[in-house]
Amino acid sequence: MMRIVVLGSRGQLGRDLLPRLPGDVIPLTRAEIDLAQPQSLLEQLATLKPDLVINCAAYNLVDKAETEPDLAWRVNAIGVRDLARASQTIGARFVHFSTDYIFGLDSKRNIPLGEESLPGPVSVYGASKLAGEQLALAANPQTLVIRTCGLYGVWGSGGKGGNFVETMLRLAGQGKPLKVVDDQYCTPTSTVDLAEATVQLLATGATGRFHITNAGATTWFQLAREIFRQSQLSVDLTPISSVEFNAPARRPAYSVLDCGKLAGCGIVLPMWNDALGKYLVERRSRTG
Ligand SMILES: NC(=O)c1ccc[n+]([C@@H]2O[C@H](COP(=O)([O-])OP(=O)(O)OC[C@H]3O[C@@H](n4cnc5c(N)ncnc54)[C@H](OP(=O)(O)O)[C@@H]3O)[C@@H](O)[C@H]2O)c1
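Attention here is on the structure that accompanies the text. Since we're looking at a predicted model, the values are computed, not measured. (Residues numbered from 1 in each chain as written. Predicted model: local features only at pLDDT ≥ 70, side-chain atom pairs only at ≥ 80, totals over all residues.)

1. Concerning the overall build of the chain
Reasoning step 1: Tallying secondary structure elements over the chain gives 10 helices and 12 strands in all.
Reasoning step 2: Here the C-alpha atoms of the chain give a radius of gyration of 18 Å, agreeing with the 19 Å that 2.2 N^0.38 yields for 288 residues.
Reasoning step 3: For the C-alpha atoms alone, the extent of the chain along its principal axes is close to 55 × 40 × 40 Å.
Reasoning step 4: Each of the 288 residues in the chain was classed as buried or not, and the buried ones make up 44%. (Helix = DSSP H or I, 4+ residues; strand = E, 2+ residues; numbered from the N terminus. Rg over C-alpha atoms; globule rule 2.2 N^0.38 Å. Buried ≥ 20, exposed ≤ 12 C-beta atoms within 10 Å, placed from the backbone.)

2. Focus on the sheet that holds strand β5 (residues 143–148)
Reasoning step 1: As summarised here, the arrangement of the six strands in space is β2-β1-β3-β4-β5-β10, forming an open sheet in which the pairing is parallel. For this open sheet the edge positions go to β2 (24–27) and β10 (208–211), each flanked by a neighbour on one side alone. Ignoring which end each strand starts from, the neighbouring axes of this sheet average 20° apart.
Reasoning step 2: Strand direction decides the pairing type here: strand β1 (residues 3–7) and β2, joined by four bridges, are parallel. (Pairing = 2+ DSSP bridges. Axes fitted to C-alpha atoms, helices over the stretch in contact; angles between N-to-C directions.)

3. Examining the environment of C186
Reasoning step 1: Mapping C186 onto the fold places it in strand β8 (residues 185–186).
Reasoning step 2: Separated by 19 residues in sequence, C186 and G205 have C-alpha atoms that sit 28 Å apart.
Reasoning step 3: In this view, C186 contacts D100, C149, G150, A217, S255 and V256; residues no more than four positions away in its chain are not counted. (Contact = placed C-beta atoms within 7 Å.)

4. Notes on the packing of helix α3 (residues 69–89) against helix α4 (residues 124–139)
Reasoning step 1: At a closest axis distance of 8 Å, the pairing of α3 and α4 adopts a crossing angle of 15°. Judged on the interaxial angle alone, α4 and α3 are roughly parallel. Regarding α3 and α4, the two cross each other, and that crossing is right-handed. Along its contact with α3, which presents P69, A72, W73, N76, A77, V80, R81, A84, R85 and Q88, the element α4 presents V124, Y125, S128, K129, A131, G132, L135, A136 and A139. (Parallel < 35°, antiparallel > 145°, perpendicular 65-115°, else oblique. Left-handed = near helix turned anticlockwise from the far one by under 90°.)

5. Notes on the nonpolar core
Reasoning step 1: Counting 74 residues, the largest nonpolar core has V6, V53 and C56 as the members making the most contacts within it.
Reasoning step 2: Looking at this core, the element that brings in the most residues is α3, giving eight residues.
Reasoning step 3: Each residue touching V53, except ones within four places of it in the same chain, is listed here: V5, L45, L83, S87, A92 and F94. (Core = buried A, V, L, I, M, F, W, Y, C linked by C-beta atoms within 7 Å.)

6. A few points about the pairing of strand β3 (residues 52–55)
Reasoning step 1: The alternating pattern of β3 places L52 and I54 on one face and V53 and N55 on the opposite face, and all of these are buried.
Reasoning step 2: Pairing of β3 with strand β4 (residues 93–99), which is carried by four bridges, proceeds in the parallel orientation. In the sheet register, N55 faces β4, and the bridge partner there is H96.
Reasoning step 3: The parallel pair β3 and β4, bridged by α3, forms a crossover whose chirality is right-handed. (Right-handed = clockwise from strand over helix to strand, strands pointing away.)

7. Brief notes about the environment of Q39
Reasoning step 1: Note on placement: Q39 falls in the loop between β2 and α2 (41–48).
Reasoning step 2: Between the C-alpha atoms of Q39 and G79, which are 40 residues apart in sequence, the distance is 9.3 Å.

8. Thoughts on the environment of V53
Reasoning step 1: Along the polypeptide, V53 turns up in strand β3.
Reasoning step 2: Take V53: there are 30 C-beta atoms within 10 Å of it, and that puts it in the buried class.
Reasoning step 3: Along the backbone, V53 and H96 are 43 residues apart, and their C-alpha atoms lie at a distance of 8.5 Å.

9. Let's talk about α3
Reasoning step 1: Spanning 21 residues, α3 covers 29 Å between terminal C-alpha atoms, matching the ideal 30 Å at 1.5 Å per step.
Reasoning step 2: G79 marks where α3 bends most, by close to 30°.
Reasoning step 3: Listed as buried for α3 are A72, W73, V75, N76, A77, G79, V80, L83, A84, A86 and S87.
Reasoning step 4: Looking at the buried positions of α3, the neighbouring elements they touch are α2, β3, β4, α4 and β5.
Reasoning step 5: Looking one or two residues past α3, G91 carries a phi angle of roughly 80°, positive in sign. (Expected span 1.5 Å × (residues − 1). Bend = angle between axes of the 7 residues up to and from the residue.)

10. Brief notes about unusual backbone geometry
Reasoning step 1: Of note, the phi angle at Q232 is positive, near 55°, even though the residue is not glycine.
Reasoning step 2: Within the secondary structure layout, Q232 lies in the loop between α7 (220–230) and β12 (237–240).
Reasoning step 3: Positive phi, normally seen in glycine, also occurs at N246, with a value near 60°.
Reasoning step 4: Within the fold, N246 resides in the loop between α8 (242–245) and α9 (260–263).

Pasting the structure below:
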């Protein structure tokens with residue numbers, strides 16, 4: 001039976017991926033392997049003897065990374081490189097998740113970005129994740145890099161304290177007027193859909209870069225409006241610009257990922273608004 005080690009197993013993607021993976025799955029947390037301190041990685045992996053190493057762990061506090069660049073690079077670039085190297089040494093395949101935030105420098109872009117489109121990050125987080133992809137692919141030829149976007153899952157992103165959908169519903173519950181950015185186009189993606197597509201893609205033996213997101217494109221404002229429409233909530237919601245919002249880290253104005261390569265493998269994800277609908281229904285059935 002295939003042995004699979006999963007880092008970041010308690011993150012929102014990790015938790016949705018674990019139950020869908022075939023084989024003997026070994027979930028790891030930061031307490032067992034800290035990517036910021038990868039000294040004993042090889043020893044640990046050599047003991048576990050996996051056939052496949054999947055990395056769902058990342059430093060993904062996009063704004064905080066601007067003032068903590070050393071840590072972001074240690075985890076997202078150097079730690080990932082060392083993990084890919086250790087996987088290569090023990091003969092394991094390596095699967096790594098990356099982000100649409102490796103793009104953004106081309107501010108005139110308005111058509112979906114392919115796997116071979118020229119990257120150009122505009123934040124410390126994006127730059128560190130781009131370096132991680134490149135270092136991993138160079139270190140282990142049996143590497144699959146999956147770029148995704150705007151994740152939301154029932155477990156929420158630990159570091160970010162939830163996910164965008166939950167944050168919007170919580171703020172709406174407080175009855176305050178909301179201002180949400182309307183000039184960043186991307187594709188919010190359900191971690192369930194991403195996990196299922198990842199398992200399907202893994203089964204094809206794919207290596208190299210792949211984009212996996214739900215289908216279509218939207219802005220954070222339009223996503224918020226759709227959350228409230230589908231939840232039948234009346235909220236005082238105003239679109240604002242990224243400049244008005246003034247987040248510490250810059251984000252791409254357009255980072256819609258072209259998933260045509262994935263579709264070529266027979267894998268197509270639902271539209272973002274349908275995926276959102278499914279999430280909201282499941283959420284209601286959980287909370288009653
Ligand atoms: N969230 C998004 O919107 C988004 C968008 C595009 C791409 N991605 C990428 O998708 C992947 C999964 O993201 P996610 O949303 O599932 O993240 P998440 O829920 O925040 O989980 C990240 C996991 O990484 C672990 N981690 C953080 N620093 C670590 C370290 N130094 N060593 C070992 N583990 C560490 C965390 O462990 P602790 O709980 O112990 O901190 C956590 O379990 C990441 O590669 C991310 O960059 C995410």
